[in-house]
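Descriptive analysis of the structure
One letter stands for each residue in the lines below.
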Amino acid sequence: MNKTSKAIALIGLVSASSAFAMDLEFNTVDVDSDGAISMEEAAQYPELMQEV
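Residues numbered from 1 in each chain as written. Predicted model: local features only at pLDDT ≥ 70, side-chain atom pairs only at ≥ 80, totals over all residues. Heavy atoms only, no water.

**Focus: the overall build of the protein**
The condition that has to hold: Numbering of helices and strands runs from the N terminus; a helix is a DSSP stretch of H or I covering at least four residues, while a strand is a stretch of E covering at least two. Burial classes: relative accessible area under 20% of the type maximum marks a residue as buried, over 50% as exposed, and values in between as partly exposed (1.4 Å probe, protein chains only). By definition in these notes, contact holds between two residues if any of their heavy atoms fall within 4.5 Å. For the area figures, the Shrake-Rupley method with a 1.4 Å probe applies, and any residue is considered shielded solely by the protein chains shown.
Assigned secondary structure in the protein consists of four helices and zero strands. In the protein, the succession of helices and strands from N to C terminus is α-α-α-α. In the protein, which comprises 52 residues, the proportion classed as buried is 27%. Here the analysis covers contacts within the protein between residues at least 6 apart in sequence; of these, 33% occur between residues at least 24 apart. Working note: accessible area of the protein is about 3,700 Å², and carbon and sulfur atoms make up 57% of it.

Set out below in structure tokens:
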């Protein structure tokens, strides 16, 4: 796994954990249903972006 893939995976993990902590439904935030929350998806939730 290269550095970019690791960084993206880490961002997804942190975003997912933060989403659950804020009572956001993971599937609501993960619009493209790829199993990760991208920065673009997270950007729709200001409270989530404060955690990044």
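Back to the text.
**Digging into unusual backbone geometry**
Leaving glycine out, the prevailing phi sign among residues is negative, and the prevailing peptide bond configuration is trans. Positive phi outside glycine occurs at Ser33, with the angle close to 55°. Note that Ser33 resides in the loop between α2 (26-29) and α3 (39-42).

**Concerning the side chain of Glu41**
Heads up, the rule is: Here a polar contact is recorded for every N or O atom pair within 3.5 Å, except that within protein the pair must consist of a potential hydrogen donor and a potential acceptor, and residues adjacent in sequence are included only if both atoms are side-chain atoms.
Relative to the assigned elements, Glu41 resides in helix α3. A polar side-chain atom of Glu41 sits 3.1 Å from the main-chain amide nitrogen of Asp32. Apart from the residues lying within four places of it in its own chain, the contact partners of Glu41 are Val29, Asp30, Val31, Asp32 and Ala36.

**Digging into the nonpolar core**
This is how the line gets drawn: The term nonpolar core refers to a set of buried residues drawn from Ala, Val, Leu, Ile, Met, Phe, Trp, Tyr and Cys, joined through side-chain atoms within 4.5 Å.
Among the nonpolar cores identified, the biggest contains seven residues, and these are Leu24, Phe26, Val29, Ile37, Ala42, Tyr45 and Leu48. For Tyr45, the contacting residues outside a window of four places in its chain are Leu24, Thr28 and Val29.

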